[in-house]
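Coordinate inspection notes
Given next are the chains, with one letter for each unit.
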Amino acid sequence: EQSTHPEGRAIAHASLGIALAQLGRISEARELVGKLRNDLAVPQSPRAAIKIFILEGLIYYYNDRNRLAIDRIKRAHVLSIAAGLNDLTCEASVWLSHLAFNFNDYDLLRDSLAQALGGLDKIDDSLRARLSLVIADAFQYLGEWERSRDWYYVARLFARHCHDHAVMVAIEYNRLVMGQSRIRVERIVFLDGDRIVLVG
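In short, a report on the structure. In this text, all values refer to a predicted model and were calculated from it rather than measured experimentally.

**What to know about the state of the cysteines**
- One pass over the full model with this rule turns up zero disulfides.
- With no disulfide of its own, Cys 90 lies 17 Å from the sulfur of Cys 162, the closest cysteine sulfur.
- On the basis of relative accessible area, Cys 162 is assigned to the partly exposed category, the value being 30%.

Right under this line is the structure:
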């Protein structure tokens, strides 16, 4: 609030909104979107506009798992590429990979993971933790227990380093839920060479 730089203030508000959305504080995150939409600095700042699209996408996702989340973050992704803002392209890719996994969009998951991993040096530890969590979840869902354990460990390291409590909670929750999902799958199917066989 005390920043004298309008663009910096708008970006800080958007980043705060993203954190609030992850914590489930949706009404507060929505208030920030409204505030940002009335901020004269935003139309002059591609970076702020892109962060708002990411924020809106996460509000849609964390409020009720609405697929409009993908639309908003895809817009952020396209705009960041057009503006040559590589760090925001990678940030949007991390969130797209997260959404793609949870919405079972595996083509989008493949493409967004590749782009996010290619720009790992351009994102902060919170986003690295989120990306590692997506990879860990995917490995665990596929029954690759050792690989998933390694990636959950990496996710924890990044999350602890930046004190991202939302990701730390998500790591433990996802590890349990993905593990249970995989156990249910293994109870009803098994692989016989290249064939999937239903049990019972």
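That covers the picture; the talk isn't over yet.
**Topic: the packing of helix H5 (residues 86-102) against helix H7 (residues 125-141)**
- For the pair H5 and H7, the least separation of the axes is 9 Å and the interaxial angle reads 25°. Of the possible angle classes, the one that applies to H5 and H7 is roughly parallel. Seen from above, H5 lies across H7 with left-handed handedness. Where H5 approaches H7, its residues Glu 91, Val 94, Trp 95, Ser 97, His 98 and Phe 101 are matched on the opposing element by Leu 127, Arg 130, Leu 131, Val 134, Asp 137, Ala 138 and Tyr 141.
- Across the contact of H5 with H7, the residue classes tally to eight nonpolar, two polar and three charged.

**Here's the deal with helix H8 (residues 145-161)**
- For H8, which comprises 17 residues, the first-to-last C-alpha distance of 24 Å matches the rise-based estimate of 24 Å (1.5 Å per residue) to within 8%.
- Every buried residue of H8 is accounted for by Ser 148, Tyr 152, Ala 155, Arg 156 and Ala 159. Down the axis, H8 shows its buried residues gathered within 105° of arc, on one side only. Away from its buried face, by an angle of more than 90 degrees, H8 presents the exposed residues Glu 146 and His 161.
- Directly after H8, the chain includes His 163, whose backbone phi takes a positive value near 55°.

**Some points on helix H3 (residues 46-64)**
- The terminal C-alpha atoms of H3, which comprises 19 residues, lie 28 Å apart, in line with the 27 Å expected from a rise of 1.5 Å per residue.
- Just downstream of H3, Arg 65 is the residue with a positive phi angle, here 55°.

**Section: the side chain of Glu 91**
- Within the secondary structure, Glu 91 sits in helix H5.
- Of the residues examined, Glu 91 reaches a relative accessible area of 9% and is grouped as buried.
- Among all residues touching Glu 91, those that are not within four sequence positions of it are Ile 18, Lys 51, Ile 54, Ile 123 and Leu 127.

**Details of the nonpolar core**
- Ranked by size, the top nonpolar core spans 58 residues in total, and within it Leu 58 and Trp 95 carry the most contacts.
- Looking at which element gives the most residues to this core, the answer is H3, with 10 residues.
- Excluding anything up to four places from it in sequence, Leu 58 contacts Ile 18, Ala 21, Asn 63, Ile 73 and Trp 95.

Each value, and the rule that gives it
Residues numbered from 1 in each chain as written. Predicted model: local features only at pLDDT ≥ 70, side-chain atom pairs only at ≥ 80, totals over all residues. Heavy atoms only, no water. Disulfide = S-S within 2.5 Å. Buried < 20%, exposed > 50% of the residue type's maximum accessible area, 1.4 Å probe, protein only. Axes fitted to C-alpha atoms, helices over the stretch in contact; angles between N-to-C directions. Helix = DSSP H or I, 4+ residues; strand = E, 2+ residues; numbered from the N terminus. Parallel < 35°, antiparallel > 145°, perpendicular 65-115°, else oblique. Left-handed = near helix turned anticlockwise from the far one by under 90°. Contact = heavy atoms within 4.5 Å. Nonpolar A, V, L, I, M, F, W, Y, C, P; charged D, E, K, R; others polar. Expected span 1.5 Å × (residues − 1). Arc of directions from axis to C-beta. Core = buried A, V, L, I, M, F, W, Y, C linked by side-chain atoms within 4.5 Å.

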